[in-house]
Amino acid sequence: MKIWLLVLLKLAGVLALGLVFGLITGRIALCLLIALLAYTVHRIWKLHRLVHWLRQRNYSNPPSLGGMWDEIVTEVLRLNRRKRYHKQRLVTMLHELRDSTAALPDGVVLLNARGEIVRFNRMAAEMLDLHGRKDIGIRIDNLLRQPEFLKYLAGSDFSSPKVLQTSTAPESWLSLHVLPYGEGQRILLIRNVTRHVRLEAMRKDFVANASHELRSPLTVITGYLETLAGDETVNEQFGAPIAEMRRQADRMAGIIGDLLVLSRLEAKEGEVEGEAVDVAAMLALLRKEALARPRRPASVTLTIDSQHRLLGDDIELHSAFANLLDNAVKYTPAEGNVAMRWWTDEAGAHFSVTDTGPGIPAESIPRLTERFYRVDTGRSRASGGSGLGLAIVKHVLQRHGGQLDIASVEGRGSTFTCHFPRRRIAPPVAGSNTGR
Ligand code: ADP
């Protein structure tokens, strides 16, 4: 039967009893009132017991109140069972999560929107010297005070980690990667990259030293070959081999030279500040040199759409632009064209070299700036390429906050564009009239 019907029936029963007594005693109103009062007091008593039981939270010993009250008690018990079940599940999940992050070989620190530490795992405690509850609630920038890290944390570019030595582990190199999530919260992922950094330093040293050591013997060989080439007493049959040896020695010198340039670029940390470089004048000179080559495309043009200068390192920029022009001239046939352009706009400053050469297959484009990567090994070797030119260009652009964009259609030609940020644009040379 429905609860409300039962309650109504009970009330009707009490009132009927009151009425009967009223008819017997002749005081109907009084008897009805007493019956209602008794009914209400009984209800209040049961309500009181229910509230008392609920407050005590003694769910294992529910009161027996009868009727509608038992239904409420049963419902409360059911809700409580469900709550306990969900709570248990959450606790189990939380423990599993905590145990799994504790087992991670990397440090994990959870930060709230104010940058305060909310939680951290065992590895993070070890690497950052964090202590139990003492460091919970402490701002991470109070613990890690390295200026580079503070700048990284305050910025918005978290695409790559920051690698640095912290005061908490001065012997180690830590990679600190901020991963934003939720509403302003962040995960700080810490990895010990000491081995990697040391290996990288060893590799750089090795390449720089090996290149340096190879230079002197090669200079001797080149010198003797030059003498032999000019010596008329040397048998004629050695003419061709000596010429080939000179060509190969020159190639080797080119590779060693480029390796040394790359090593020097790698050794320099951060972006260059540099001075205002007159790109227009530099490009005009590069064009002149290209036109003076014995093997070159039919036309090498230069469009200067801005007289603005570029803040940077003169030698490095020259090396990057010369490499791009050199490739275009090298890989474009005699009847082809090479066009250079320098311009500035809202986005920044740009330099492009377009050629009508063989183009580059789409799958090779992402790999072009890798060291020694060549699309067509035969063609590149024949043209005397070291395979390091574009790696140098990429490094130079990185040091100037810029990036290289490569667009190419196989069989039709390629366009290599260097993009520099606005902050690198410097005013034109005083007195120049075509500046924008
Ligand atoms: P390389 O000294 O061999 O030219 P780079 O690093 O300058 O080395 O270039 C890498 C490779 O990219 C080259 O070997 C060549 O296959 C390809 N490449 C570079 N520039 C061009 C271009 N303008 N047209 C076609 N292929 C190019």
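Treat the numbers as computed from the prediction; the structure is a model and nothing was measured.

Novice: Help me out: how do you make sense of the domain arrangement of the protein in this one?
Specialist: For interface size, the figure often reported is the accessible area lost on association. By domain assignment, the protein separates into domain 1 (2-93), domain 2 (104-192), domain 3 (196-267) and domain 4 (275-426). Computed from C-alpha atoms alone, the centre-to-centre distance between domain 3 and domain 4 is 25 Å. Roughly 1100 Å² is buried in total at the junction of domain 3 and domain 4, and carbon and sulfur atoms are behind 67% of that figure. Taken as a group, Arg251, Leu262 and Leu265 account for 56% of the area that domain 3 buries against domain 4, more than any other trio of residues on that side. Across the contact surface, domain 3 and domain 4 share 1 salt bridge. Across the salt bridge formed by Arg371 and Glu266, the nearest N and O atoms sit 2.4 Å from each other.

Novice: Any chance you could explain the nonpolar core here in plain terms?
Specialist: Leu283, Leu317, Phe321, Leu324, Leu325, Phe351 and Phe420 are the most contacted members of the largest nonpolar core, which totals 41 residues. For this core, the elements supplying multiple residues, two or more each, are α8 (239-267), α9 (279-291), α10 (314-331), β9 (337-345), β10 (348-355), α12 (389-399) and β12 (413-421). With 7 residues, the top contributor of residues to this core is α10. Not counting the four nearest positions on each side in its chain, Leu317 is found in contact with Val277, Met282, Leu310, Gly312, Val396, His400 and Phe420.

Novice: Mind showing me how you'd approach the sheet that holds β12 here?
Specialist: Either a parallel or an antiparallel arrangement is found when strands of a sheet pair, and the pairing is made through backbone hydrogen bonds. Spatial ordering of the open sheet is given by β7-β9-β10-β12-β11, a layout of 5 strands whose pairing is mixed. Both edges of this open sheet fall to β7 (299-304) and β11 (403-409), since each of them pairs with a single strand only. Neighbour-to-neighbour, the strand axes of this sheet turn through a mean angle of 10 degrees, independent of strand direction. In the sheet, β10 pairs with β12 via 8 bridges, with the strands oriented antiparallel. Bridged to Phe351 within β12 is Cys418. Contacting β7, β9 and β10, α9 runs over the sheet at an angle of about 175 degrees to β7.

Novice: Even after reading the chapter, I still don't get the sheet that holds strand β8 (residues 309-312), so can you show me in this structure?
Specialist: Strand order in the open sheet formed by 3 strands is β6-β8-β13, and the pairing between neighbours is antiparallel. At either margin of the open sheet sits one strand with a lone partner, and together these are β6 (275-277) and β13 (425-426). The pairing of β8 with β13 spans 2 bridges and is antiparallel. Across the sheet, Leu310 pairs through a bridge with Ile425, a residue of β13.

Novice: Mind showing me how you'd approach the pairing of β9 here?
Specialist: Consecutive side chains along a regular strand alternate between the two faces of the sheet. Alignment of β7 against β9, held across 6 bridges, turns out to be parallel. When the sheet's bridge partners are listed, Ile304 is paired in β9 with Trp342. Here β9 runs beside β10; their pairing, made up of 8 bridges, is antiparallel. Following the sheet pairing, Asp345 is matched in β10 by Gly348. Linking β9 to β10, which pair antiparallel, is a turn of 2 residues.

About the thresholds
Residues numbered from 1 in each chain as written. Predicted model: local features only at pLDDT ≥ 70, side-chain atom pairs only at ≥ 80, totals over all residues. Heavy atoms only, no water. Domains from an automatic or database assignment. Buried area = accessible area lost by both parts, 1.4 Å probe. Salt bridge = Lys/Arg side-chain N within 4 Å of Asp/Glu carboxyl O. Core = buried A, V, L, I, M, F, W, Y, C linked by side-chain atoms within 4.5 Å. Buried < 20%, exposed > 50% of the residue type's maximum accessible area, 1.4 Å probe, protein only. Helix = DSSP H or I, 4+ residues; strand = E, 2+ residues; numbered from the N terminus. Contact = heavy atoms within 4.5 Å. Pairing = 2+ DSSP bridges. Axes fitted to C-alpha atoms, helices over the stretch in contact; angles between N-to-C directions.

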